[in-house]
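Each chain, written out:
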Amino acid sequence: MKHGLPFLLLLSCAGSAMAQDDCANALPITAGTYNVAAINGTEVPSPICAPNGTGATAGEWYTYTPTADHSLTVTTDLPTNAGLDTRFHVYHGNCGALSCVAGDDDSGSGLLSVATFNVDQGVTYYIAFDNRWSSAGFDFTLIEGNPIVNAVNFTTLSIPTSGTTSCVVDMNGDHLDDVVGVTSTNININYQLVGGGFNNVNIPTVQATNTPSWSIAAGDIDNNGYNDLLYASGSGVSFMRANANGTGYTTENRTDYIFCQRSNFVDINNDGHLDAFVCHDVAPNCYYLNDGNNVLLFNQGGFGTTGGNYGSIWIDYDNDHQIDMFIAKCGSDPVNQLYHNNGNGTFTLISPSLNMADNVQTWSSAWGDFDNDGDMDALVGASSLGNGGHKLMRNDGTTFTNVSPGSGFDAFNGTSIEWITRDFDNDGYLDVLGGGKLMLNNGDMTFTQSTVTPTNGPTGDLNNDGFVDILNGGTAYLNEPNGNHFLTVGLEGTISNRNGIGARVEVTSALGTQIRDIRSGDGFRYMSSLNAHFGLGADETADVVVHWPSGIVNAFTNVAVDTAITIVESTATGVVEPAPTDALRLFPVPTSNILYITGPTELRGDLVKVLDLTGREILRTYLTADALDVASLTAGPYVVQVIYPNGRVLQERFVKE
Amino acid sequence: MSITRYARTILAGSALLGMVVLGCRKETPGPDTPIADGGVQVDLGNMPYSTLSEYRFFLGNMADRVPNTGVLPYAPITPLFSDYAHKDRFIWMPSGAGAQYVSDDQVLAFPDGTVLIKDFWFEGVQPGDVRRVLETRVMFRRNGAWLFADYVWNDAQTEAFLDLNGSIVPLDRKDADGVVRHVDYRIPALAECHTCHKSDNVAMPIGPKPQNLDMIMSYPEGPMDQLARWAAEGYLEAGYPLAIQHLVAWDDTTQDLELRVRSYLDVNCSHCHNEHGHCEYRPMRFAFSRTDDISNIGVCIEPEEIIDPGWTHIVEAGDTARSVLFHRINTTNEAYRMPLMGRTVVHQEAVEMIARWIEGLNPPCTD
């Protein structure tokens with residue numbers, strides 16, 4: 001018998017599709033052990049909830065409806081299954097429109113599967129096995145338990161992107177993170193919309209001779225408000241320069257031979273114009289200096305004399321507000337390097353005197369203030385354990401101290417080329433993603449492996465909910481809000497580079513002061529959001545200070561949280577103004593000609609912009625009255641932004657009739 | 001281990017030499033190739049020259065690559081795959097000194113003045129279905145150190161010019177099945193050469209190891225043991241062993257499958273994946289002399305770099321879909337492909353061979 005079912009049950013299904021073969025005929029089951037004779041049902045489980053993608057051609061379907069709130073464990077990790085290879089997906093919803101709840105491929109012993117997740121009383125869940133790897137039969141067991149509490153949870157969202165999807169960054173100046181997929185002749189951008197969702201646009205380009213197989217970086221080379229891209233390949237780089245309204249890109253193929261690894265945009269000589277830095281695998285590092293007229297001049301040398309350069313990251317380790325640089329190194333010359341920015345365009349190798357010249361084989365390092373004591377610490381993550389394991393290095397001002405023992409990283413043998421830090425659970429302490437695990441910061445320089453194990457990819461906020469999401473190929477892993485508060489800070493330089501790359505952002509709340517350095521390119525391969533994201537735990541208000549690369553400091557007190565704010569670099573240096581905490585009020589909405597705008601303070605004289613929902617700027621003027629003439633706009637929804645002299649941005653939606 | 005020696009002909013070299021013997025050599029060298037009789041010009045202090053013709057490696061029309069006196073064609077049992085390019089290899093040494101045998105699996109110890117010459121060419125290049133030589137790589141030994149030069153051929157095929165900056169040559173070529181295929185052929189920059197041609201960052205040749213030379217080869221004067229021919233030329237000092245643990249030809253289907261796989265992996269992978277190579281920190285050890293232990297190929301060894309969590313081992317016994325090695329040799333994505341460089345298209349026949357070997361591995365990995 002095909003599915004090992006009782007004969008009578010088979011008879012009862014005569015005339016319809018075979019039980020278990022598809023979603024509509026899924027077999028109801030409860031806790032217990034069941035046998036699948038073979039995976040040969042006609043409906044292939046979709047969407048894919050388990051790791052490891054598409055490729056299945058058949059499925060087997062069951063339903064489970066709990067009688068109380070439980071955790072449910074679905075497992076094929078049973079002695080009878082030794083040597084077999086299984087995968088399953090768990091859904092809720094209706095057949096044909098299912099949503100992922102859980103899934104697993106290889107978490108069990110060997111290639112067997114196991115997942116534990118929460119289920120709600122009375123909800124029907126679909127459990128579907130597929131033949132991604134094998135159609136052979138097996139047993140599986142459902143076990144009910146007490147509900148579990150995870151610090152982080154992700155749900156999946158399919159994004160219709162294409163090409164190399166290594167980049168999540170704002171491409172149109174609205175500070176909402178977009179998804180960028182590229183091929184040698186196309187840039188596919190999913191522009192995040194103000195109201196949620198994406199506008200998917202393909203922009204054909206002249207052929208790039210280099211594609212971002214090794215890394216990608218984004219930054220605004222010409223400070224025109226639209227990010228440009230750097231494709232780093234195995235033989236050199238191509239720059240893709242955005243036009244004046246971000247609707248097209250000019251290809252600039254460079255012929256200098258570079259076996260590229262990590263690439264970054266950064267203002268190396270602090271002239272207000274972004275330069276590009278590229279790690280070289282087999283020769284000294286290279287960089288392209290922006291001459292101020294947007295011509296990028298090739299340079300090689302000055303940052304080490306050898307190859308083996310894998311992961312550059314630009315951070316201010318000594319709080320002098322000059323951006324420094326650390327290179328994770330690997331291969332036959334694996335001693336890592338930290339370069340101090342002397343402030344005059346030169347850099348000095350400083351790692352040996354700061355205990356940072358370790359020879360761990362590493363491709364990237366995660367830099368952040370893990371203990372919120374006001375300086376940047378580092379997790380130097382191993383790519384191979386041959387020269388020792390991960391090093392958690394605490395910044396003690398005059399030196400770095402290896403605090404790996406007892407930190408959770410000493411006993412962690414997962415390796416990877418990607419190591420990044422973000423606050424994934426918004427508790428106010430930076431976590432680390434790398435080595436195939438999410439290491440949650442306990443707040444005391446120790447870390448605990450999360451039971452949820454996301455895969456490294458570019459990160460950003462893809463649904464503007466204040467929690468950091470991860471992109472893996474065409475699937476967004478959306479980080480579910482957990483009640484913790486947050487503040488997302490986007491920067492707009494006016495004297496410094498437009499992106500504010502190299503700026504230090506400080507956020508102070510009851511839990512302490514957190515710092516972020518704005519950087520283009522961390523980890524090894526991916527480009528992640530340029531917005532500074534801060535988890536705030538239970539704190540509902542914060543002070544914000546921005547130290548711009550220009551030396552300008554803009555400060556705000558008592559900023560309302562749980563929102564994304566934009567700070568524009570203001571020449572009102574040293575002036576600390578209370579930030580408006582209220583919203584704009586618009587009248588009438590919808591409007592046909594005049595939009596009246598009032599705010600918490602006098603708005604006359606302030607810069608105002610009108611954007612469409614893709615973030616494109618439609619109108620820009622200074623308010624001369626409490627009203628804006630919008631008669632020239634075509635009908636539809638828009639966003640109005642008011643930019644205060646101190647850089648604070650308030651925005652509201654309105655509709656033009 | 002068998003010590004059978006394998007007959008293998010030099011694809012172009014033998015044909016060209018045959019032409020010489022039969023008197024079919026073109027008698028109309030182009031105006032830019034006025035190479036008359038005369039010896040090879042190797043003036044180490046002034047090398048590399050700016051043009052290939054200055055060395056006088058070849059007689060007559062240079063594109064025919066008819067070797068000058070003392071320029072000895074040679075061939076490996078299993079060659080490196082280079083995007084289906086044909087290759088001719090030649091060696092020249094000054095009189096009075098030959099190479100010394102070190103071990104079966106180490107490059108011969110060559111004397112100063114040794115020159116290794118390797119041409120890369122395609123047949124059926126479109127339009128016109130013509131043969132086109134793209135580059136000639138030259139390695140020479142001076143003051144105990146190996147130096148690199150690369151000569152890029154002009155379209156007229158009359159001269160090749162020193163160029164160590166690297167470039168890409170897009171071309172369409174008709175393959176053996178008559179199908180026209182595109183290749184963006186990469187001519188390496190100096191640093192690219194050094195990526196593979198090094199041991200502890202010291203420049204080294206890769207190919208001329210006894211284990212990959214020990215075969216019968218066709219010469220104009222008839223078939224002969226290649227190492228014996230080198231010895232007769234004075235290019236190999238006496239004292240090398242007769243019994244050498246040699247590779248097999250990877251495409252010789254009469255040979256044991258695992259030996260063919262190991263031979264292929266040695267030639268294509270082991271120059272980086274050894275204790276002194278570019279990828280020394282990874283666990284694989286692909287040298288033929290090490291892969292009798294198949295864990296050195298990665299069988300049931302977990303990867304350190306997670307490209308896809310579903311690829312559970314470097315080689316998952318019996319399962320190509322979960323084997324990192326299979327995916328790496330079967331992709332053209334340069335961030336994941338193996339070898340890292342020297343290949344932009346998939347070597348389909350070799351992938352099929354290695355897939356067959358993986359599928360036949362038993363028992364399954366236990367975790």
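Cut-offs used in this document
- One numbering rule holds for all chains: residues counted from 1, following each sequence as written.
- Labels follow written order: the first chain is A, the first ligand is 1, and so on.
- Side-chain atom pairs in this predicted model are given and counted only at pLDDT of 80 or more, local residue features only at pLDDT of at least 70, and totals for whole chains, interfaces and linings cover all residues.
- For the side-chain quantities, the full set of heavy atoms in the structure was used; hydrogens and water were omitted.
- Only a pair of cysteine sulfur atoms within 2.5 Å counts as a disulfide in this structure description.
- Strands are runs of DSSP state E lasting at least two residues, helices are runs of H or I lasting at least four, and both sets are numbered from the N terminus onward.
- Only protein chains enter the accessibility calculation, which uses a 1.4 Å probe; a residue is then buried when its area is under 20% of its type maximum, exposed when over 50%, and partly exposed in between.
- Aromatic pairing here means that ring centres of Phe, Tyr or Trp (its six-membered ring) are within 6.5 Å. Orientation follows from the plane angle: under 30 degrees is stacked, over 60 is edge-to-face, and everything else is tilted.
- A ring has a charge above it when a Lys NZ or an Arg CZ is no more than 6 Å from the ring centre and no more than 35 degrees off the ring normal.
- Think of it this way: DSSP has to see at least two bridges between two strands before they count as a pair.
- Between the N-to-C directions of two axes lies an angle of 0 to 180 degrees, each axis being a line fitted to C-alpha atoms and, for a helix, fitted only over the stretch in contact.
- By definition here, a helix of n residues has an expected span of 1.5 Å times n minus one.
- Any pair of residues with heavy atoms lying within 4.5 Å of one another is described as a contacting pair.
- Segmentation into domains, and thus their bounds, comes from an automatic or database assignment.
- Throughout, the accessible surface (probe 1.4 Å) given up by two parts as they are put together, summed over both, is called the buried area.
- Here, a salt bridge means any side-chain nitrogen of Lys or Arg that lies within 4 Å of a carboxyl oxygen of Asp or Glu.
- By the criterion applied in these results, polar contacts are pairs of N or O atoms within 3.5 Å in which, for protein atoms, one can donate a hydrogen and the other can accept it, and in which residues neighboring in sequence qualify only through two side-chain atoms.
- Classification convention: Asp, Glu, Lys, Arg as charged; Ala, Val, Leu, Ile, Met, Phe, Trp, Tyr, Cys, Pro as nonpolar; all other residues, Gly among them, as polar.

A word on the state of the cysteines
Residues and elements named next belong to chain A. A full pass over the atoms with the stated rule returns three disulfides over all chains. Put simply, C23 and C95 are joined by a disulfide, and their sulfur atoms are 2.0 Å apart. Residues C23 and C95 share a disulfide whose torsion about the S-S bond is about -80 degrees; that sign makes it left-handed. Taken as a pair, C23 in the loop between α1 (7–12) and β1 (27–28) and C95 in the loop between β5 (88–94) and β6 (97–104) lie far apart in primary sequence, 72 residues in all. Residue C23 is classed as buried on the basis of its relative accessible area, which comes to 2%.

A word on the packing of aromatic side chains
In this structure the tally under the stated criterion is 41 aromatic pairs over all chains. An aromatic cluster is defined as three or more aromatic residues linked by ring pairs; in this entry it consists of Y34, Y62, F88, F129, F138 and F140 of chain A. Positioned over the ring face of W133 of chain A is R132 of chain A, at 4.0 Å from the centre of the ring. Its guanidinium or amino end placed over the ring of F288 of chain B, R262 of chain B lies 4.4 Å from that ring's centre, counting from NZ or CZ.

A look at the sheet that holds strand β32 (residues 431–434) of chain A
Sheet strands associate in pairs through backbone hydrogen bonding, adopting either a parallel or an antiparallel arrangement. Residues and elements named next belong to chain A. In spatial order, the strands read β31-β32-β33-β34; together these four strands make up an open sheet with antiparallel pairing. In this open sheet, the two strands that pair with only one neighbour each are β31 (419–422) and β34 (447–449). Adjacent strand axes in the sheet meet at a mean angle of 25 degrees when their direction is disregarded. Across four bridges, β31 lies against β32 in antiparallel orientation. Pairing of R422 across the sheet is with D431, part of β32.

Overview of helix α7 (residues 348–359) of chain B
Residues and elements named next belong to chain B. For α7, spanning 12 residues, the distance from its first C-alpha to its last is 16 Å, which sits close to the expected 16 Å at 1.5 Å a residue. Of all the residues in α7, the buried ones are A350, V351, M353, I354, A355, W357 and I358. Contact partners of the buried residues in α7: α5 (257–269) and α6 (324–329).

Details of the domain arrangement of chain B
Residues and elements named next belong to chain B. Its domain assignment divides chain B into domain 1 (34–233) and domain 2 (257–359). Computed from C-alpha atoms alone, the centre-to-centre distance between domain 1 and domain 2 is 26 Å. On the side of domain 2, 22 residues touch domain 1, which itself brings 21 residues to the contact. Counting each side, the surface lost to burial between domain 1 and domain 2 is near 1,800 Å², with a carbon and sulfur contribution of 56%. On the domain 1 side of the interface with domain 2, the three residues burying the most area are F81, Y84 and C196, jointly 29% of the side's total. Applying the counting criterion to the domain 1 and domain 2 interface returns zero salt bridges. The interface formed by domain 1 and domain 2 includes nine residue pairs in polar contact (both at pLDDT 80 or more). Tallied by class, the residues present in the side of domain 1 that touches domain 2 amount to seven nonpolar, seven polar and seven charged.

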